[in-house]
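# Descriptive analysis of the structure
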Amino acid sequence: MSLIEWTRLEPGQVEALVAMFVNRERMGSTRITPSRGDGGVDILDRGAGPTGGDVVYQVKRYTDGFSTSQKASVKDSWDTLRSDPRWDDLRVEEWHLVMPLDPSPEAELWLQDLAKDSGVSATWRGLGFVEQLAAKFPDVVDYYLKGGATRIREAQAEVLTLMGLDNVGTATSTQEVTERVQRALGVLDHDPHYRFEFRFGEGPLPTPPADRPGLVLHTAQGTRDGGRWITVDVIARCVASADVEPITINGRFEAEPGTELAKAIQEFYEYGAPVHAEDAFTGELTAPAGLGGELTSATVQIGTAINTDLGDNPAMHLDILGPDDTVLASVDMDRTERSQGLDGSGIRVVLREVNGIFELEERWNLTQQTESRHIRSGDITGLPVRVAVPGIQFLTELKSPNRIRISSRHTAPGRGVVDEHTDFGWDQEQVGGLAAVRRILEVLNVIQDHVGTVIRVPDFPKVDPGQFQAWRFAAAMLQGRELTATIPEGQALTFDLDSEIEVEDSVAVSLPWEVTIDDQVIDLGRYEVLLDEPTLVHRAPVAGGFSHTFTTKDNRIKQRRASATT
């Protein structure tokens, strides 16, 4: 006996019920409704095929017999899928015809003949398949056919009332409140579209969960500075949940002309750029469980949707080419955002250097045929110097007459596309700042070449100026240079040595060598101080050796890296 009397249902009920069965079974599948122009596709599960191709489910409302006109409708759906240019990007491996009706042998042969020579596996998913899903998802049956929707809405209201901060009457005992909440939450568990996770506590409002799979709405009730709070996380049971029971916001922004907010709103409208509007939005939120309501002087932040299609080959490699085609700098970048304006006039792409050193945003106005580029620098403090150097070198070379070569990562860079546009309109302060950072990083990179400790980029504003000089001296000596320094008039050099040394025409003193980089103390081995024509001013025993004080004829000394045998 069938679990559902399919023949007594309205055609629309059949399609809605069967489609939700499939969506729940295939959680990542997307509902394509007629209002969006389904092109013969009711449900699409991208990448779910045996070899990574696409799977299509064509849901039909047929429950009693498969007539000639119904065959024509199925064939039309099949032909549309195969010919509609909106689906040119599909690589369909499987096509499932789904309805609460098992095929006759003739109908099954007809379907296989329809898909013959197409390279697509066609399968009739009939009554048995649908009934299995009905048994697996009784909450869907209850919601659509047995009054479950009404009970769930009543339970939502009950929970929100009982868990409100000020809405529980004093005559209601704690035990009774708890029991009523538990009963209501039990009913909510049968919502076929969403799960609701309630939390309550006291203190500062908790932050929304990050990267919570299926999270479509997080609400918090309370005060920012403490007190009792309640949060509700709304979790979609499948991708199609937001199509069937959508969460919407309608309203308007309020911004004075010429302000930064007005500019940001215009860029959102033209390019789909993110916008953060603080206390400037009035409207209404429509959401399940009665969680919506009126929004007054609300703060709204609009950004790129999660899982946005980033296009082919989002992993990219960029080179800066000099006038003679010499590669001056290179970075790997990821395409992280891609958006289009609401009016369709502009598109926007954001590339992010893989270590977050900078972002490059490009905008194209398709109507005016114009292009603009913007650079946003990231914080390099704490990054390994080895990681930071290429990105900063790249930024300092972004200038005319240099050019950018763009290629897919892990391919031959020489096969990439060359872009002549490298004028980013840097002002002199930006140019000077980047050049200074590059010089310091390249000095630290030389030191990194000679040590096994990972050197990290220091917090430059907090670095003592004397440290910068010490880094430059260390890098120069590590590269084999001999440095000369002058002893101030009237002063001398004192060394504590293990034993007495004889004074000759020159004296070489080997000393431990360390350099401090931010809070890191880096051991560089040993260095030598060379004294030409020295005068021993004083010698005296000290703990563990002898103290020697010297002057030189011209008040000069030399310093160099000690040899391995010193």
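Relevant structure appears above.
What comes next is a walk through the structure. As the structure is a computational prediction, the values presented were derived from the model and not from experiment.

### A word on the packing of helix H1 (residues 11-25) against helix H4 (residues 127-136)
- For the pair H1 and H4, interaxial distance at closest approach is 10 Å and the crossing angle is 70°. Here H1 is positioned roughly perpendicular relative to H4, judged by the angle of their axes. For the crossing formed where H1 meets H4, the hand is left-handed. When H1 is examined against H4, the residues Val18, Phe21, Val22 and Glu25 are found in contact with a partner set consisting of Val130, Leu133, Ala134 and Lys136.
- Of the residues assigned to the contact of H1 with H4, the class counts are 6 nonpolar, no polar and 2 charged.

### Remarks on the sheet that holds strand E9 (residues 248-253)
- If you trace the 3 strands from one edge of the open sheet to the other, you get E9-E10-E11, paired in antiparallel fashion. What marks the edges here is a single partner per strand, and that holds for E9 and strand E11 (293-302). On average, adjacent strands in this sheet sit at an angle of 45° to one another, irrespective of strand direction.
- When strand E10 (residues 275-286) meets E11, the two strands line up antiparallel, connected through 7 bridges. Across the sheet, residue Ala277 finds its bridge partner in E11, namely Val300.
- Sitting on the sheet, helix H9 (residues 260-271) is in contact with E9, E10 and E11, with an inclination near 60° to E10.

### Here we look at the environment of Asp334
- Among the secondary structure elements, Asp334 is positioned in strand E13 (residues 327-340).
- Separated by 19 residues in the primary sequence, Asp334 and Ala315 have C-alpha atoms spaced 4.8 Å apart.
- When neighbours within four sequence positions are excluded, Asp334 is seen to be in contact with Pro314, Ala315, Val350, Leu351, Arg352, Val354 and Arg409.

### Considering H1
- With 15 residues, H1 should reach 21 Å at 1.5 Å per residue; the first-to-last C-alpha distance of 21 Å fits that figure.
- Those residues of H1 not exposed but buried are Val14, Leu17, Val18, Ala19, Met20, Phe21, Val22, Asn23 and Arg24.

### Things to note about the sheet that holds strand E20 (residues 493-497)
- In spatial order, the strands read E20-E24-E23; together these 3 strands make up an open sheet with antiparallel pairing. For this open sheet the edge positions go to E20 and strand E23 (534-542), each flanked by a neighbour on one side alone. Each neighbouring strand pair of the sheet contributes to a mean axis angle of 20°, computed without reference to strand direction.
- When E20 meets strand E24 (residues 545-552), the two strands line up antiparallel, connected through 5 bridges. The residue bridging Asp496 from the neighbouring strand is Ser547, located in E24.

### Describing the packing of aromatic side chains
- According to the stated counting rule, one finds 10 aromatic pairs in the structure shown.
- Note on Tyr62 and Phe66: the rings are 6.2 Å apart at their centroids and 50° apart in plane angle, and the pair reads as tilted.
- Centroid distance Phe495 to Phe550: 6.2 Å. Interplanar angle 50°. Geometry classified as tilted. Here Phe495 is found in strand E20, whereas its partner Phe550 is found in strand E24, with 55 residues between them in sequence. Take Phe495 and Phe550: they sit in the same class, and that class is buried.

### Observations concerning the nonpolar core
- Ranked by internal contacts, the top residues of the largest apolar core, which has 57 residues, are Ile380, Ile447, Trp471 and Leu524.
- The residues touching Ile447, leaving out its near neighbours within four places in the chain, are Ile455, Trp471, Ala474, Ala475, Leu478, Ile517 and Leu524.
- Of all hydrophobic cores here, the second largest spans 24 residues; its members include Val59, Ala134, Phe137 and Ala240.

Here is what the cut-offs are and how they apply
Residues numbered from 1 in each chain as written. Predicted model: local features only at pLDDT ≥ 70, side-chain atom pairs only at ≥ 80, totals over all residues. Heavy atoms only, no water. Axes fitted to C-alpha atoms, helices over the stretch in contact; angles between N-to-C directions. Helix = DSSP H or I, 4+ residues; strand = E, 2+ residues; numbered from the N terminus. Parallel < 35°, antiparallel > 145°, perpendicular 65-115°, else oblique. Left-handed = near helix turned anticlockwise from the far one by under 90°. Contact = heavy atoms within 4.5 Å. Nonpolar A, V, L, I, M, F, W, Y, C, P; charged D, E, K, R; others polar. Pairing = 2+ DSSP bridges. Expected span 1.5 Å × (residues − 1). Buried < 20%, exposed > 50% of the residue type's maximum accessible area, 1.4 Å probe, protein only. Phe/Tyr/Trp six-rings, centres within 6.5 Å; stacked < 30°, edge-to-face > 60°. Core = buried A, V, L, I, M, F, W, Y, C linked by side-chain atoms within 4.5 Å.

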